[in-house]
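Each chain, written out:
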Amino acid sequence: MLFVLSLSLISCGKVEVQSDSSTKSSRPDVLSMHQLMEWVLDPAADVIWESVQTIVTQSGTREIRPRSEEQWFAVLSGAATLSESSQLLMQTGRAMDAQEWPKMVSRFKRAADRTLKAAQARDADEIFAAGGDLYEACKQCHQRYAPQLNSSTPVPSERVFSWATQPIEQVPQLKAVE
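Residues numbered from 1 in each chain as written. Predicted model: local features only at pLDDT ≥ 70, side-chain atom pairs only at ≥ 80, totals over all residues. Heavy atoms only, no water.

**Q** With reference to specific residues and values, describe the packing of aromatic side chains.
**A** All chains considered together, the criterion is met by two aromatic pairs. Between the aromatic rings of W49 and Y135, the centroid separation amounts to 6.0 Å while the plane-to-plane angle is 75°, which identifies the pairing as edge-to-face. Of this pair, W49 sits in helix α2 (residues 33–51) while Y135 is found in helix α5 (residues 124–145), placing the two residues 86 residues apart along the sequence. For the ring pair W101 and Y145, a centre distance of 5.0 Å and an interplane angle of 80° mean the geometry is edge-to-face. With W101 in helix α4 (residues 100–121) and Y145 in helix α5, this residue pair connects regions lying 44 residues apart in the sequence. (Phe/Tyr/Trp six-rings, centres within 6.5 Å; stacked < 30°, edge-to-face > 60°. Helix = DSSP H or I, 4+ residues; strand = E, 2+ residues; numbered from the N terminus.)

**Q** Residue-level account of the pattern of salt bridges, with values.
**A** Summed over all chains, the structure comprises seven salt bridges. A network of salt bridges, in which partner residues are shared, links E63, R65 and D125. (Salt bridge = Lys/Arg side-chain N within 4 Å of Asp/Glu carboxyl O.)

**Q** If you had to explain the packing of helix α3 (residues 69–89) against α4 to someone new, which residues and values would you point to?
**A** With their axes 8 Å apart at the nearest point, α3 and α4 run at an angle of 160° to one another. Looking at the two axes, α3 sits roughly antiparallel to α4. Viewed along their axes, α3 and α4 form a crossing whose handedness is left-handed. Listed contacts from α4 to W72, V75, L76, A79, A80, L82, S83, S86 and L89 of α3 are W101, V105, F108, K109, A112, D113, T115, L116, A119 and Q120. Residue composition of the contact of α3 with α4, by class: 13 nonpolar, four polar and two charged. (Axes fitted to C-alpha atoms, helices over the stretch in contact; angles between N-to-C directions. Parallel < 35°, antiparallel > 145°, perpendicular 65-115°, else oblique. Left-handed = near helix turned anticlockwise from the far one by under 90°. Contact = heavy atoms within 4.5 Å. Nonpolar A, V, L, I, M, F, W, Y, C, P; charged D, E, K, R; others polar.)

Here it is, written out as structure tokens:
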């Protein structure tokens, strides 16, 4: 539902996208990496991670699984969004380097595709397992390219990419290695 709302807002022109006229590119203005992560990937991943849970407390165990058509559709939509977003991560202007970035995006794509297949099969246990793979792919990439996101210790400034730390309006368009 959030993804559909985001697309509606973008198509209605109510969301400003970052534009850097000094960057030579044949593609139209797009979301910055920060915006793509915050508005598209993170919400879609959260749908997956929150859809299947086992919560154990002193009161007992509570199982959370998609049950209704709407819940299954949300999981399917989130998984499809993640799978298709791997292409967005490899676009010129987003790829961080030519060596490790493609490998990490490929790992992310495999995990997202596994999640998508599990959602299509309505297999909650497989969604849980695939969600673990997805988490590890995201974590590995963030450790390399955005270590400040989940770190309580200072990160050397040369390892901090601007897309993850600066306000959106100050982030220059990143250039891909071709």
